[in-house]
Amino acid sequence: MSSIAIVWHRRDLRVHDNPALWQASRTGGQVLAVFIVDPTIVERDDTAPARIYFLRESVLELQKAYRTIGGRLAVRVGEPVQQLVALAQAVGAGAVYFNDDIEPYARERDARAAEALRAAGITVHACAEILLHPAGEVLTAAGGKPYTVYTPFWRQWSAKPKPKPFPTPERLEAPTVEEQSFPELAQLGRPFAGELLVSPGEQSGLEQLEAFAREGLYRYGERRDLPGCDGTSRLSAHLKFGTVGIRAVWARTMDAWKQAEHDRDRAGLAVWQQELGWREFYKYELFHLPQLAGRPFRREFENFQWDEDQERFERWCQGETGYPIVDAAMRQLNTVSWMHNRLRMIVASFLTKDLLLPYGWGERYFMQKLVDGDLSANNGGWQWAASVGTDPKPLRIFNPSTQAGRYDPKAVFIRRWLPELEGVDTALLVTSERLPPLMRAQHRYAQPIVEHKRQQQVFKERYRAVRAQQADPGAR
Ligand code: FAD
């Protein structure tokens, strides 16, 4: 049997903490890494150009990382299964290693790949990687079923001993093969000229993790909800593309735990670990319930009466709703392809409960823009905000003014993103209702698109109507 092993990279763009690479390197034979640019993903209308940029830069860096340890990363473009099998046959590989994914498209692709490789006489090794605990390992004690509520999931998940990071191979030997490069973005028809708050690539991911672990982690609990300061890790794009490994991230938090001097430091750190728990929970849910990608968890909400108002949607997208906190957030998204978590919740609540627009519209727009756009986290976040998801306390309606007053009390964030409101009093900026029409006109700022109080009532009525229908299905 051939001693050449292929490592197929997808969203694990790193050499550290990479189980597929580590296991392939342990065979003792030659190792060839490959990344296949999949036109189905690149061309999708909801694939943000920022993500393709991040992906490309990270793959280019990974090529260099391989070279420094004697390895080689080939890049191919085309239908992934065909490309993979063709490459494996061309180099005479005996085995293919890859890390798992939980998304429906990826699982279907991987199943096809495994079948085609086996048919060609090539061994397939699918490694558990994307989650700290594989989705089948966290189940209810009674009945062994998947959890659909975060808190009991977290209780079991957090009590489990966490796996250690995989070592980085020191030296590889690679077969001779033409590497090729990742096509230019313009060639792919997806140019990107925007700015990002994060730099792509494994090196930057690790540096960012280190900087956050030293400076921000202990204070995360008190600062994470304040969009005016850099209180969160901004590791989301790195976690999305696997330029940092999740076991390495967890291990770093445990080192920080040991180094903490005060209980309050550990408390801040524990809050951040819970966020990693949310990342895991939404992936776990999508693994067990792939249908969530296309419909609400609470099925009765398929009948919810959303307004399909394109004009209102356009104003929301452009940050012209007349609610400063919402508009500032949308402009942040449109400019740097990222939005603070508190603001994601505020704008998602506003889209669904003030504008009464279908949550799927907002979900899609986020995917078209976010550098960290990730099906499971995004879908989970939108279903949560629209009160149609797994949340056991579903009816939450955010008042944009209360949110702004609490989380951006000095309007630091609002002023940063709405320069046209320069010079306006803080109290008027955070309490949208108090910003007078004349002043809005003078500052060329939008009049409020809707009245929050009224829309809240309409939403509640429609929400009750769905619940009533559910209680009395004969009335449908
Ligand atoms: P930190 O606060 O430092 O958190 C650390 C990591 O934990 C994040 O990088 C992320 O991987 C994970 N995480 C944190 N909060 C959540 C959460 N609520 N759900 C799942 N994982 C979480 N996150 C994405 O990665 N991609 C998305 O497409 C996405 N869409 C969202 C849409 C909505 C409507 C909402 C409410 C949230 C969404 N989130 C998404 C979750 C969260 O907003 C981002 O992960 C976070 O803002 C990223 O910034 P950070 O890395 O500084 O996060």
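Cut-offs used in this document
- Residues numbered from 1 in each chain as written.
- Predicted model: local features only at pLDDT ≥ 70, side-chain atom pairs only at ≥ 80, totals over all residues.
- Helix = DSSP H or I, 4+ residues; strand = E, 2+ residues; numbered from the N terminus.
- Buried ≥ 20, exposed ≤ 12 C-beta atoms within 10 Å, placed from the backbone.
- Expected span 1.5 Å × (residues − 1).
- Contact = placed C-beta atoms within 7 Å.
- Core = buried A, V, L, I, M, F, W, Y, C linked by C-beta atoms within 7 Å.
- Domains from an automatic or database assignment.
- Nonpolar A, V, L, I, M, F, W, Y, C, P; charged D, E, K, R; others polar.
- Pairing = 2+ DSSP bridges.
- Axes fitted to C-alpha atoms, helices over the stretch in contact; angles between N-to-C directions.
- Near = placed C-beta within 6 Å.
- Parallel < 35°, antiparallel > 145°, perpendicular 65-115°, else oblique.
- Left-handed = near helix turned anticlockwise from the far one by under 90°.

**Student:** What am I meant to see in unusual backbone geometry here?
**Tutor:** Note: most residues except glycine have negative phi, and most peptide bonds are trans. One non-glycine residue with positive phi stands out, namely Asp-17, at about 45°. Within the secondary structure, Asp-17 is located in the loop between strand S1 (5–9) and helix H1 (19–25). If you check the backbone angles, Ser-337 has positive phi at about 60° while not being a glycine. Relative to the elements of secondary structure, Ser-337 occurs in the loop between helix H13 (324–336) and helix H14 (341–354). Note on Ser-337: 26 C-beta atoms within 10 Å, which makes it buried.

**Student:** Can you help me understand helix H5 (residues 104–119) in this one?
**Tutor:** Given 3.6 residues per turn, any residue in an α-helix points the same way as the ones three and four places further on. Counted at 1.5 Å a residue, the expected span for H5 with its 16 residues is 22 Å, and the 23 Å between its end C-alpha atoms agrees. Packing partners of the buried residues in H5 comprise helix H4 (80–91), strand S4 (95–99) and strand S5 (123–127). Once H5 finishes, Gly-121 follows within two positions and takes phi at roughly 80°, a positive value.

**Student:** Quick question: what am I supposed to make of the nonpolar core here?
**Tutor:** Most often, soluble globular proteins have nonpolar side chains that are buried together. In this structure, Val-7, Val-34, Val-96 and Ala-329 are the most contacted members of the largest nonpolar core, which totals 88 residues. Considering every element that reaches this core, the biggest residue donor is helix H3 (residues 49–68), with 8 residues. Here this core gathers at least three residues from each of two domains, domain 1 (4–129) and domain 3 (299–470). Val-34 has contacts with Ile-6, Trp-8, His-9, Leu-73, Ala-74, Arg-76, Leu-84 and Leu-87, leaving out every residue within four places of it along the chain. Residues Tyr-150, Leu-209, Tyr-282 and Tyr-284 belong to the second largest nonpolar core, which totals 30 residues.

**Student:** Can you help me understand the domain arrangement of the protein in this one?
**Tutor:** A common measure of how large an interface is: the accessible area buried when the components associate. Its domain assignment divides the protein into domain 1 (4–129), domain 2 (131–165 + 202–288) and domain 3 (299–470). Inter-centroid distance (C-alpha atoms) of domain 2 to domain 3 is 27 Å. Taken together, the contact between domain 2 and domain 3 spans 15 residues of the former and 18 residues of the latter. Where the side of domain 2 that touches domain 3 is concerned, the elements lending two or more residues are helix H9 (236–241) and helix H11 (263–288). Split into classes, the residues belonging to the side of domain 2 that touches domain 3 amount to 6 nonpolar, 4 polar and 5 charged.

**Student:** Which parts of the structure should I look at to understand the sheet that holds S5?
**Tutor:** One key point about sheets: their strands pair by backbone hydrogen bonds, in either a parallel or an antiparallel sense. A sheet is described by the order of its strands in space; here 5 strands give the open sequence S3-S2-S1-S4-S5, paired in parallel fashion. A strand with exactly one partner marks an edge of an open sheet, and here the two such strands are strand S3 (73–77) and S5. Each strand of the sheet is rotated relative to its neighbour by a mean of 25°, with strand direction disregarded. Most of the contacts of H4 go to strand S2 (residues 31–37), to which it runs at about 155°, and overall it touches S1, S2, S3 and S4.

**Student:** Honestly, the site of the ligand in this entry has me stumped. Any pointers?
**Tutor:** Near the ligand, the surroundings consist of 28 residues, among which Thr-232, Ser-233, Ser-236, Asn-378 and Gly-381 are the closest. Broken down by secondary-structure element, the contributors of at least two residues to the shell around the ligand are H9, H11, H14 and helix H16 (375–385). Among the elements that take part in the shell around the ligand, H16 stands out by supplying 6 residues, more than any other. Residues belonging to the shell around the ligand are distributed by class as follows: 12 nonpolar, 8 polar and 8 charged. Looking at which domains feed residues into the shell around the ligand, each of domain 2 (131–165 + 202–288) and domain 3 (299–470) supplies at least three.

**Student:** How should the packing of H4 against H5 be read in this particular structure?
**Tutor:** For any two helices packed against each other, one specifies the crossing angle of their axes together with the interaxial distance. Between H4 and H5, whose axes approach to 9 Å, the crossing angle comes to 30°. Accordingly, the angle class assigned to the pair H4 and H5 is roughly parallel. Of the two elements, H4 crosses H5, and the hand of that crossing is right-handed. Along the contact surface, H4 presents Pro-80, Val-81, Leu-84, Val-85 and Ala-88, while H5 presents Arg-109, Arg-112, Ala-113, Ala-116 and Leu-117.

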